[in-house]
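Each chain is listed here by its residues.
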Amino acid sequence: SNPLKVLVWYPDFRTAVFLDRSLTLLGELNLISAGYPEVRTIGASQDGNLWLYDEVNFRLVKITKDGEQRFESQSMNQLEPTLRSVSCLHEYNDRVYLADSIQGLFIFDVFAQFDRFWPPMHPVKEFQVVDDQVQYLFEGRIVAERLQIRANREIGFADLLSPETVAMLSPRRLLLMQDGSVRVYGY
């Protein structure tokens, strides 16, 4: 989300690496050593810290680059619906969005306090928030759903796909990787 401070996540090693715009190493944090052994999803915060979902304690946590805890949510296993399969986490416009690929989106404020649950039209594994819209890929379509009102827009691109194609979203861009090349489409 910030091209001047790049966050690289190695989930198998539970390690976050911080890089600058020239990809020079700024720091590294092992989450197991920091006391968070079961973390599969992290995200960068706008103030340079780190958001993570602690699967042992069922909490959204904000920590510094040194592993010091800043904020922590209430235990999410006591809410309905309950988080089951956290897949993606983003901070945007003073809100933190946590995607559960089974349930939907859980929205928090910047102090990790639960705000609301938002059920999308389709299952969401990876997403981005642009102009108060949640945008994600689903079965050869880009789906953009408004957060404030229940309205959505879909753009099909299935005719551009083959079984080997990897599709990714970037703000207002669709990236298709296939056969060692990347094609970029604006939408």
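Residues numbered from 1 in each chain as written. Predicted model: local features only at pLDDT ≥ 70, side-chain atom pairs only at ≥ 80, totals over all residues. Heavy atoms only, no water.

A. Highlighting the pairing of strand β6 (residues 59–63). Among the five residues in β6, four count as buried, and that is most of the element. Connecting strand β5 (residues 50–54) to the antiparallel partner β6 that follows it, the hairpin turn spans four residues, and Phe58 within it adopts a positive phi of roughly 55°. By the bridge criterion, three bridges tie β6 to strand β7 (residues 69–72) in an arrangement that is antiparallel. Within β7, the residue paired with Ile63 across the bridge is Gln69. Remark: five residues form the turn of the hairpin made by β6 and β7, two consecutive strands paired antiparallel; Gly67 in that turn has positive phi of roughly 95°. (Buried < 20%, exposed > 50% of the residue type's maximum accessible area, 1.4 Å probe, protein only. Helix = DSSP H or I, 4+ residues; strand = E, 2+ residues; numbered from the N terminus. Pairing = 2+ DSSP bridges.)

B. Focus on the pairing of strand β18 (residues 181–186). In this structure, strand β17 (residues 173–178) lies alongside β18, joined through six bridges in antiparallel fashion. By the bridge assignment for β18, Leu174 is matched with Tyr185. Linking two consecutive strands that pair antiparallel, namely β17 and β18, is a turn of two residues; a positive phi of about 55° is found at Asp179 within it.

C. Molecular detail of unusual backbone geometry. For Asn93, which is not glycine, the phi torsion reads 55° and is therefore positive. Secondary-structure assignment places Asn93 in the loop between β8 (86–92) and β9 (95–100). Not every positive phi belongs to a glycine, and Glu139 is a case in point at roughly 45°. Checked against the element boundaries, Glu139 lands in the loop between β13 (133–138) and β14 (141–146).

D. Local environment of the side chain of His122. Relative to the elements of secondary structure, His122 occurs in the loop between β11 (114–118) and β12 (127–130). In contact with His122, not counting residues within four places along its chain, are Tyr136, Phe138, Arg141, Val143, Glu145 and Glu154. (Contact = heavy atoms within 4.5 Å.)

E. Structural context of the environment of Tyr97. In this structure, Tyr97 sits in strand β9. The sequence separation of Tyr97 and Trp118 amounts to 21 residues, and the corresponding C-alpha distance is 9.7 Å. Residues in contact with Tyr97, not counting those within four places in the same chain, are Cys88, Leu89, His90, Tyr92, Leu105, Phe106, Ile107, Phe127, Val129 and Leu147.

F. The arrangement of the packing of aromatic side chains in detail. The final tally for this structure, using the stated rule, is four aromatic pairs. Cluster of aromatic residues (ring-pair linked, three or more members): Phe106, Phe108, Phe114 and Phe117. When the ring centre of Phe18 is taken as reference, the NZ or CZ atom of Lys65 above it lies at 5.2 Å. (Phe/Tyr/Trp six-rings, centres within 6.5 Å; stacked < 30°, edge-to-face > 60°. Lys NZ or Arg CZ within 6 Å of the ring centre and 35° of its normal.)

G. How the structure looks around the nonpolar core. One finds Tyr97, Leu105, Phe127, Val134, Tyr136 and Leu147 to be the most contacted residues of the largest nonpolar core, which totals 14 residues. Those elements that place two or more of their residues in this core are β9, β10 (104–109), β12 and β13. At three residues, β13 tops the list of elements feeding residues into this core. Contacts of Leu105, omitting those with residues within four sequence positions, involve Tyr97, Leu98, Ala99, Arg116, Phe117, Trp118, Pro120, Val124 and Val134. Formed by twelve residues, the second largest nonpolar core is a distinct cluster that contains Trp51, Leu60, Met76 and Phe108. (Core = buried A, V, L, I, M, F, W, Y, C linked by side-chain atoms within 4.5 Å.)

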